[in-house]
Amino acid sequence: MAPHAEQLTRSAAVRLRGLTRSFDGRTVLDGIDLDIPAGQFVALLGHSGSGKSTLLRAVAGLDHEVTGEGELTAPDRVSVVFQDSRLLPWRRVLDNVLLGLDGREAERKGREALAEVGLEGRERAWPNELSGGEAQRAALARSLVREPELLLADEPFGALDALTRIKMHTLLRVLWEAHRPSVLLVTHDVDEAIVLADRVLVLDHGRIGLDLTVERPHPRSYRDPLLGEYRERLLTALGVTSDVA
Ligand SMILES: Nc1ncnc2c1ncn2[C@@H]1O[C@H](COP(=O)(O)OP(=O)(O)OP(=O)(O)O)[C@@H](O)[C@H]1O
Ligand SMILES: [Mg+2]
């Protein structure tokens, strides 16, 4: 079968047909079909080991061994944010944001992106002088400055404390409102998914087991009782009962 690099075509929307990935004969993604229209905010839930990161890597064009009879279409400008910020410790914050970009215009955009994530004045700080939340904000600025059409995020807030995580949710949504990239956000956190995303997918046995549109206006409150119905459906799809024995 053709390797992924040859299959990947470019368009503003994401379109997957028959995406399959196996490791040592074990199928992790089993013929996934998925469309993400330009500008849609999608969250991806699933058990540990269900293949979320594998799917994200394939869409990012980072996996050259993905197979499938169908197609894999993704935008040209894709940024990826991971659970750890992946800032280079030997470069100051602004230099990390600008990595690979040169010139005064890039620097202006870099400073602007840092201001957008609330890190104005920290341009010359070293990564080890930042808190976990600040480092993730710098990682978001590094993505923003590349003006992505598609932002892929793999548990970007998973290592943060609960309060910082809630602040980051607000920030991510504000950034999305301002720039409108398509987003595919991988998370373990059902509440994070329903508060942030307009559509939530559950990956199960290599397929999209549930595809749920969340029809509540933004900004959403964690206390909105109507979000409870979505939570129940997602937890059921994940095989979790709300009772603790
Ligand atoms: N490079 C690899 N070689 C062998 N197996 C792999 C490789 N990458 C992933 N896998 C396997 O594929 C499965 C899916 O992994 P993946 O990292 O996509 O899961 P995940 O849903 O992101 O899990 P988590 O929520 O724990 O991050 C796992 O069983 C994992 O062991
Ligand atoms: Mg993962």
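> I keep staring at the packing of helix H5 (residues 132-144) against helix H6 (residues 162-179) and nothing clicks. Help me out?
Describing two packed helices takes the angle between their axes plus the distance from one axis to the other. In the contact formed by H5 and H6, the axes pass within 11 Å of each other and the chain directions differ by 15°. Comparing the axis directions of H5 and H6 gives the class roughly parallel. As H5 runs across H6, the sense of the crossing is right-handed. From H5, Gly133, Gln136, Arg137, Leu140 and Leu144 reach across to H6, where they touch Thr164, Met168, Leu171, Leu172, Leu175 and His179. Along the lines of polarity and charge, the residues of the contact of H5 with H6 split into six nonpolar, four polar and one charged.

> Before we go on, may I ask you to explain the site of ligand 1 in this structure?
Close to ligand 1 lie 13 residues, the nearest being Ser48, Gly49, Lys52, Ser53 and Thr54. Ser48 is positioned such that a nitrogen or oxygen atom in its side chain is 2.6 Å from an oxygen atom of ligand 1. Its free accessible area being 630 Å², ligand 1 has 61% of it covered by the protein chains. Contributions of two or more residues to the shell around ligand 1 are made by strand S3 (26-36) and helix H2 (52-60).

> Help me understand the pairing of strand S2 (residues 14-23) in this model?
On any regular strand, side chains alternate: one points to one face of the sheet, the next to the other face. Strand direction decides the pairing type here: S2 and S3, joined by eight bridges, are antiparallel. Bridged to Phe23 within S3 is Arg26. Here S2 folds back onto S3, and the loop between the two strands holds two residues, one of which, Asp24, carries a positive phi near 50°. Summarising the sheet, S2 and strand S5 (residues 72-74) pair through two bridges and their orientation is antiparallel. In the strand pairing of S5, Arg15 is matched with Thr73.

Thresholds applied
- Residues numbered from 1 in each chain as written.
- Chains lettered and ligands numbered in written order.
- Predicted model: local features only at pLDDT ≥ 70, side-chain atom pairs only at ≥ 80, totals over all residues.
- Heavy atoms only, no water.
- Axes fitted to C-alpha atoms, helices over the stretch in contact; angles between N-to-C directions.
- Helix = DSSP H or I, 4+ residues; strand = E, 2+ residues; numbered from the N terminus.
- Parallel < 35°, antiparallel > 145°, perpendicular 65-115°, else oblique.
- Left-handed = near helix turned anticlockwise from the far one by under 90°.
- Contact = heavy atoms within 4.5 Å.
- Nonpolar A, V, L, I, M, F, W, Y, C, P; charged D, E, K, R; others polar.
- Near = heavy atom within 4 Å.
- Polar contact = N/O pair within 3.5 Å; in protein donor to acceptor, adjacent residues only side chain to side chain.
- Areas by Shrake-Rupley, 256 points an atom, 1.4 Å probe, with all protein chains shown as cover.
- Pairing = 2+ DSSP bridges.

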